[in-house]
Amino acid sequence: AYGRWRTDGEWSQPKAFSSGEMDAWHTNVERRPDGSVLAGWDVGQGGQATTLYVVEGRDGAWGEVEDLSASGKAGERPHFAFGDADWLTWFHKDNQSPTAVYVRSGHPGAWGPVTEPSQAYGGFHFDPDIAIRPDGVLCLVWGWDAGEEDAELVYSLNRGEGWEPARKVADINWGKPGLPSIDVDSRGDFHVVWNQGVRGENHVYHAVLSP
């Protein structure tokens, strides 16, 4: 995993965030409202529980890499939302199966406890993304697969009192969901897009979630 800054039309030299001794996966970087950024990635053997890392970038320089798995839960595919605190979501694998979606808030070096919005639901949980409204309401989306019973994109809201029970974004009743992306518009509505289908045939869907 590498990072670069672009300043005055010029890219900096790449900075290595990982040693290269193990594979780095799912690199992501997102901008905070103040112009700084938070980057995340996971390192480890594919299909296993990987180690989650983040690093802050500010004013053209990168901070110290932080191992979030050391103080929380291992996992992969980090995504962020920024309000009064930084919000981070990712998912975890056991024996190559995606079993849990986690969320944590705080700031680099000062993260709060890990919560598990998917905890009350059976099946597999994967590919989360998160967004926040200006009033602080959060929306978390992720893929849920209960095998032959059901498989849909689900979401959970957090209005400041914890994560609400998950609901389906839609009942497509075909294929499996994956790789959602969520953002919020000027009216405070959440927009989510994702793909759903089977290997070799996937459709792209869009939904609006209005808390």
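Note: the structure precedes this text.
It should be emphasised that the depicted structure is a prediction, and the values quoted were computed from it without experimental measurement.

Reading the values: the criteria
- Residues numbered from 1 in each chain as written.
- Predicted model: local features only at pLDDT ≥ 70, side-chain atom pairs only at ≥ 80, totals over all residues.
- Heavy atoms only, no water.
- Helix = DSSP H or I, 4+ residues; strand = E, 2+ residues; numbered from the N terminus.
- Rg over C-alpha atoms; globule rule 2.2 N^0.38 Å.
- Buried < 20%, exposed > 50% of the residue type's maximum accessible area, 1.4 Å probe, protein only.
- Contact = heavy atoms within 4.5 Å.
- Areas by Shrake-Rupley, 256 points an atom, 1.4 Å probe, with all protein chains shown as cover.
- Salt bridge = Lys/Arg side-chain N within 4 Å of Asp/Glu carboxyl O.
- Pairing = 2+ DSSP bridges.

Caption draft 1: Molecular detail of the overall build of the chain. For the chain, the helix and strand inventory stands at 0 helices and 20 strands. Relative to its length of 211 residues, the chain is compact, with a C-alpha radius of gyration of 17 Å against a globular reference of 17 Å. For the chain, the residues scored as buried account for 45% of the 211 residues in total. Intrachain contacts of the chain at a sequence separation of at least 6 include 37% that bridge at least 24 residues. Accessible area for the chain stands at about 11000 Å²; split by element, carbon and sulfur atoms hold 46% of it.

Caption draft 2: Region of interest: the pattern of salt bridges. Evaluated as defined, the whole model comprises 13 salt bridges. A salt bridge links Arg77 to Asp127; the shortest N-O distance between them is 3.1 Å. Here Arg77 is found in strand β10 (residues 76–82), whereas its partner Asp127 is found in strand β14 (residues 124–132), with 50 residues between them in sequence. Across the pair Lys176 and Asp145 runs a salt bridge whose closest N-O atoms are separated by 3.2 Å. With Lys176 in strand β18 (residues 176–184) and Asp145 in strand β15 (residues 138–145), this pair connects stretches of sequence that are 31 residues apart. Classification of Lys176 by relative accessible area gives partly exposed; the value is 40%. Given a relative accessible area of 9%, Asp145 falls into the buried group. Residues joined in a network through salt bridges with shared partners are Arg32, Asp34, Glu56, Arg58 and Asp86.

Caption draft 3: Up close: the sheet that holds β14. Pairing is antiparallel across the open sheet formed by 4 strands, whose spatial order is β14-β15-β16-β17. A strand with exactly one partner marks an edge of an open sheet, and here the two such strands are β14 and β17 (167–168). Pairing between β14 and β15: 7 bridges, direction antiparallel. Its bridge partner being in β15, Phe126 is matched across the sheet by Gly143.

Caption draft 4: Looking closely at the environment of Lys93. With respect to the helices, strands and loops of the structure, Lys93 is situated in strand β11 (residues 86–94). Look at Lys93 and you get buried, because its relative accessible area is 17%. The spatial distance from the C-alpha of Lys93 to the C-alpha of Ala74 is 8.3 Å, given a sequence separation of 19 residues. Residues contacting Lys93, with those up to four places away along its chain left out, are Gly47, Gln48, Ala49, Glu76, Pro98 and Thr99.

Caption draft 5: Highlighting the pairing of strand β16 (residues 151–158). Counting buried residues along β16, 8 of its 8 residues qualify, which places the element largely inside the surrounding structure. Residues Ala151, Leu153, Tyr155 and Leu157 line one face of β16 and the alternating positions Glu152, Val154, Ser156 and Asn158 line the opposite face, and both faces are buried. Bridge count between β15 and β16: 8 bridges; the pairing is antiparallel. Residue pairing across strands places Cys139 opposite Leu157, the latter belonging to β16. Between β15 and β16, which pair antiparallel and follow one another directly, the connecting turn spans 5 residues, one of which, Gly147, has a positive phi of 75 degrees. For β16 and β17, the ladder comprises 2 bridges, and the chain directions are antiparallel. Among the inter-strand pairings, Tyr155 is bridged to a residue of β17, identified as Arg167.

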